[in-house]
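As a plain string of letters, each chain reads:
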Amino acid sequence: MINIGPIFQGKRFRAGLVAWFIYFNMPTDTKRVRGPEVSQSPSLFSCDPAAVLPSKGPRADGRRRDQVDVRPVFVRCGLVSQAKGSAYLEAGNTKLMCCVYGPRETDRKDETNMKCGRLTTDMRFAPFSCLERGSWIQGSQDKDFSLMLHESLQPAICLHKYPRSQIEVNVMVLENSGSVLAHAVTCASLALADAGIEMYDLVLGCSMRQDGTSYVVDPSYMEENCWNSVSCENQGGLTVAFLPSLNQISGLQSDGEMTEETLTAGVRTCIEGCYKLYPVIQHALTKAVRKAAPSQSES
Amino acid sequence: MSPMKLCVPGDKLCSAEDCIPGTGVYLRHGYIYSSLAGYVLRKNEGEELPVISVVRETETQLLPDVGAIVTCKVTSINPRFAKVHILYVGSTPLKDRFRGTIRKEDVRATEKDKVETYKSFRPGDIVLAKVISLGDVQSNYLLTTAENELGVVVAHSEAGKYQMHNMAIGLEALENSSTVLHRILAPCWTTRWCYLMDYLSTEKHLLGLLLPLEDCDNTCEKHVSVFF
């Protein structure tokens, strides 16, 4: 083998090689320091998680199948002082926070609505939130989730009380460990209530995953993304955004292939999961109100 | 008093036959529901039924509404209008600034066509105004100062800072007799008065109070007396 090393050590050639790499690769983040060209990402060498999760038997974290077993939830309001209202939610390992700004003047004049306010939602995943490092640039999944969040929250807010204004809801997912959209909806409605924005009702979210004949409620990341290789009839996921006091559904997102009965049963299961969350959310809100204004004996 | 009840949005408070809905609540199917997270307040206001409302101790975000008196700061002037930032609605400060416009014809009630905006306002003045319209999609809130209690309340002169109450109400604030008035900015005055005051101020020795005696609606002057 000819030793070609010493020949190609000239600086000009290396610069040219780097330029060639950059030119022919997809435009990536050029502001961050990347490793040398010969380095490889460690995720290539890590062993894949089990591609198939058993569809019978207990779940990995000890919850039961075919039962409405949602993960215990930790919620706090009012953590971000710069925002008008904020909330932080932890469900198992899923952690996310939401900030609400408004009502303020709309940014763009041509989108001002005279009769009612505008709701702007934005959902972002932190790059360290998923198993594989994501980018700061918003992908299509972020935009998709933002749109679904908007759809779920809009019916609940009394927008007609805020004409010519804009209410901004920003959700940031710090760790994605399953059923992110459902918890984002809950967290966002908590932040809106904390901000003092008038709403018809709180919006609670719950998701489930159907795997053949059994289902799991509030799936974790593994349970959400590992499809059963044996193609069963019913395989899919469902997320429901629910208004408990008014008994209305404001958002429904589903993927996969499920029969009609499975879907309706799944919706009912998710509603039950929302009812289980309701007392925890109420308690967190009342705690935040009491902390902000402890005056108990005012007439 | 017994401790007040807390509620979250969507809580059913009572039936519409027991109470009248106030603020922070909404009516649906004959029941009153809460729309805020806060304390439930029941007040007997002399009518048959008590008024039920939900209050949060933190200041509720008010939006400038038609007919509200707002405090704003002039940001730019134009021969046709003055642009302002609305800072307070009533006595509640706004967290975010809303923009408003005072048109030339809304500066004062008399002699509207002879108004010169650069003589009535200067950038940085604090103005009390009233919202006449929410405006349309392209424009900002429309404000007016064409009333007795409205107009410039704080202005900065080149000689130094001073503060004055609006002329029409009375000038108890001008206590310090060495105050130098650069220019009278009360927009409800006629041009002639402006000139007179300018002339007086160049003397730099205006010691006294200005009290408006009468308010003539139709045309021209307000009769004022100047005490030296």
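Because the structure is predicted, anything quoted here is derived from the model rather than measured. (Residues numbered from 1 in each chain as written. Chains lettered and ligands numbered in written order. Predicted model: local features only at pLDDT ≥ 70, side-chain atom pairs only at ≥ 80, totals over all residues. Heavy atoms only, no water.)

1. So, the overall build of chain A
Piece 1. Across its full length, chain A carries five helices and nine strands.
Piece 2. Sequence-ordered secondary structure for chain A, helices as α and strands as β, is α-β-β-β-β-α-β-α-β-β-α-β-β-α.
Piece 3. Taken over 299 residues, chain A has a buried fraction of 45%.
Piece 4. The long-range fraction of contacts in chain A, counting pairs at least 24 apart against all pairs at least 6 apart in sequence, stands at 69%.
Piece 5. When the accessible surface of chain A is totalled, it reaches about 16400 Å², and 57% of it is carbon and sulfur. (Helix = DSSP H or I, 4+ residues; strand = E, 2+ residues; numbered from the N terminus. Buried < 20%, exposed > 50% of the residue type's maximum accessible area, 1.4 Å probe, protein only. Contact = heavy atoms within 4.5 Å. Areas by Shrake-Rupley, 256 points an atom, 1.4 Å probe, with all protein chains shown as cover.)

2. Brief notes about the overall build of chain B
Piece 1. When helices and strands are counted, chain B shows two helices and 16 strands.
Piece 2. Expressed as a percentage of the 228 residues in chain B, the buried residues total 45%.
Piece 3. Across chain B, contacts joining residues at least 24 apart in sequence account for 50% of those joining residues at least 6 apart.

3. Side note on the sheet that holds strand 4 (residues 25-28) of chain B
Residue and element names in this part refer to chain B.
Piece 1. The strand order across the open sheet built from three strands is 2-5-4, with neighbouring strands paired in antiparallel fashion. Looking at strand neighbours, the two that pair on one side only are strand 2 (12-15) and strand 4, the edges of this open sheet. Across the sheet, the axes of successive neighbouring strands diverge by a mean angle of 30°, strand direction being ignored. (Pairing = 2+ DSSP bridges. Axes fitted to C-alpha atoms, helices over the stretch in contact; angles between N-to-C directions.)

4. Focus on the interface of chain B and chain A
Piece 1. Facing 38 residues of chain B, the contacting portion of chain A comprises 39 residues.
Piece 2. Taken together, the two surfaces of chain B and chain A that pack against each other cover about 3400 Å², and 54% of this comes from carbon and sulfur.
Piece 3. In this assembly, chain B and chain A are joined by one salt bridge.
Piece 4. As a salt-bridge pair, B:Arg99 and A:Glu105 come within 3.2 Å of each other at their nearest N and O atoms.
Piece 5. The interface formed by chain B and chain A holds nine residue pairs in polar contact (both at pLDDT 80 or more) in total.
Piece 6. Looking at the side of chain B that touches chain A, the elements with two or more residues in it are strand 4, strand 5 (31-34), strand 6 (38-43) and strand 10 (92-103) of chain B. (Buried area = accessible area lost by both parts, 1.4 Å probe. Salt bridge = Lys/Arg side-chain N within 4 Å of Asp/Glu carboxyl O. Polar contact = N/O pair within 3.5 Å; in protein donor to acceptor, adjacent residues only side chain to side chain.)

5. A short note on the pattern of salt bridges
Piece 1. For the structure on display, the rule yields 10 salt bridges over all chains.
Piece 2. Here A:Asp122 makes a salt bridge to A:Arg124, at a shortest N to O gap of 3.0 Å.
Piece 3. For B:Lys114, the salt bridge goes to B:Glu111, with nearest N and O atoms at 4.0 Å.
Piece 4. Residue B:Lys114 is classed as partly exposed on the basis of its relative accessible area of 49%.
Piece 5. Ionic contacts of the salt-bridge type, sharing partners, join the residues B:Arg103, B:Glu105 and B:Asp106 into one network.

6. Considerations on the side chain of B:Thr145
All names here are of chain B.
Piece 1. Relative to the elements of secondary structure, Thr-145 occurs in the loop between strand 12 (141-144) and strand 13 (151-157).
Piece 2. Thr-145 gets classed as buried once you look at its relative accessible area, which sits at 0%.
Piece 3. At 2.7 Å, the side chain of Thr-145 and the backbone oxygen of Val-107 are in polar contact.

7. Focus on helix 2 (residues 140-153) of chain A
Residues and elements named next belong to chain A.
Piece 1. Helix length check: helix 2 (14 residues) gives 20 Å between terminal C-alpha atoms against 20 Å at 1.5 Å per residue, within 8%.
Piece 2. For helix 2, the set of buried residues is Asp-142, Phe-145, Ser-146, Met-148, Leu-149, Ser-152 and Leu-153. Take helix 2 and look down its axis: the buried residues cluster within an arc of 165°, on one side only. The exposed set on the far side of helix 2, more than 90 degrees from its buried face, consists of Ser-140 and Leu-147.
Piece 3. Buried positions along helix 2 lie against strand 4 (118-125), strand 5 (165-175), helix 3 (180-194), strand 8 (235-243) and strand 9 (248-257). (Expected span 1.5 Å × (residues − 1). Arc of directions from axis to C-beta.)

8. Some remarks on the packing of helix 2 of chain A against helix 3 of chain A
Residue and element names in this part refer to chain A.
Piece 1. Direction vectors running N to C along helix 2 and helix 3 enclose 50°, while the axes themselves pass 10 Å from each other. The orientation of helix 2 with respect to helix 3, classified from their angle, is oblique. Judged by the twist between their axes, the crossing of helix 2 over helix 3 is right-handed. Between helix 2, through Phe-145, Met-148, Leu-149, Ser-152 and Leu-153, and helix 3, the contact on the second element is made entirely by Leu-181, Ala-184, Val-185, Ala-188, Ser-189 and Leu-192. (Parallel < 35°, antiparallel > 145°, perpendicular 65-115°, else oblique. Left-handed = near helix turned anticlockwise from the far one by under 90°.)

9. Things to note about the nonpolar core
Piece 1. By size, the foremost hydrophobic cluster in this structure holds 94 residues, and its most contacted members are A:Val100, A:Met123, A:Ile167, A:Val169, A:Leu192 and B:Leu143.
Piece 2. Per-element accounting of this core gives the leading share, 11 residues, to helix 5 (residues 260-292) of chain A.
Piece 3. If sequence neighbours within four positions are ignored, A:Val169 has contacts with A:Cys98, A:Cys99, A:Val100, A:Leu119, A:Thr120, A:Thr121, A:Asp122, A:Leu153, A:Ala188 and A:Leu192.
Piece 4. Counting residues in each nonpolar core, the second largest holds 10 residues, with B:Cys7, B:Val25, B:Ile52 and B:Val54 among its members. (Core = buried A, V, L, I, M, F, W, Y, C linked by side-chain atoms within 4.5 Å.)

10. Some words on the UniProt feature "domain: S1 motif" (unreviewed entry) in chain B
Piece 1. UniProt feature "domain: S1 motif" (unreviewed entry): in the numbering of this structure it lies at residues 65-146 of chain B.
Piece 2. As annotated, residues 65-146 of chain B has a helix share of 5% and a strand share of 51%, and its two end C-alpha atoms lie 18 Å apart. (UniProt positions renumbered as here; feature names shortened; annotations may be inferred.)

11. Considerations on unusual backbone geometry
Piece 1. Even without being a glycine, A:Ser179 presents a positive backbone phi close to 45°.
Piece 2. By secondary structure assignment, the location of A:Ser179 is in the loop between strand 5 and helix 3.

12. Notes on the environment of A:Ala265
Piece 1. With respect to the element layout, A:Ala265 can be found in helix 5.
Piece 2. When the C-alpha positions of A:Ala265 and A:Leu174 are compared, they lie 31 Å apart, and in sequence the two are 91 residues distant.

13. A look at the packing of aromatic side chains
How two aromatic rings sit relative to each other is given by the distance of their centres and the angle of their planes.
All names here are of chain A.
Piece 1. The final tally for this structure, using the stated rule, is six aromatic pairs over all chains.
Piece 2. Ring centres 6.4 Å apart and planes at 70° place the aromatic pair Phe-74 and Tyr-88 in the edge-to-face group. Of this pair, Phe-74 sits in strand 1 (residues 73-77) while Tyr-88 sits in strand 2 (residues 85-91), and the two are 14 residues apart along the sequence.
Piece 3. Look at Tyr-88 and you get buried, because its relative accessible area is 14%. (Phe/Tyr/Trp six-rings, centres within 6.5 Å; stacked < 30°, edge-to-face > 60°.)

14. What to know about the sheet that holds strand 6 of chain B
All names here are of chain B.
Piece 1. Spatial ordering of the open sheet is given by 1-6-7-3, a layout of four strands whose pairing is mixed. Of all strands in the sheet, those with a lone pairing partner are strand 1 (6-7) and strand 3 (20-21), marking the two edges.
Piece 2. As judged from the two bridges shared by strand 1 and strand 6, these two strands associate in the antiparallel manner. Across the sheet, the residue bridging to Cys-7 is Gly-38, located in strand 6.

15. Side note on the pairing of strand 5 of chain A
All names here are of chain A.
Piece 1. By the bridge criterion, nine bridges tie strand 3 (residues 94-105) to strand 5 in an arrangement that is antiparallel. Residue pairing across strands places Arg-104 opposite Gln-166, the latter belonging to strand 5.
Piece 2. Pairing of strand 4 with strand 5 involves eight bridges; the strand directions are parallel. For Thr-121, the partnering residue across the bridge sits in strand 5 and is Val-169.

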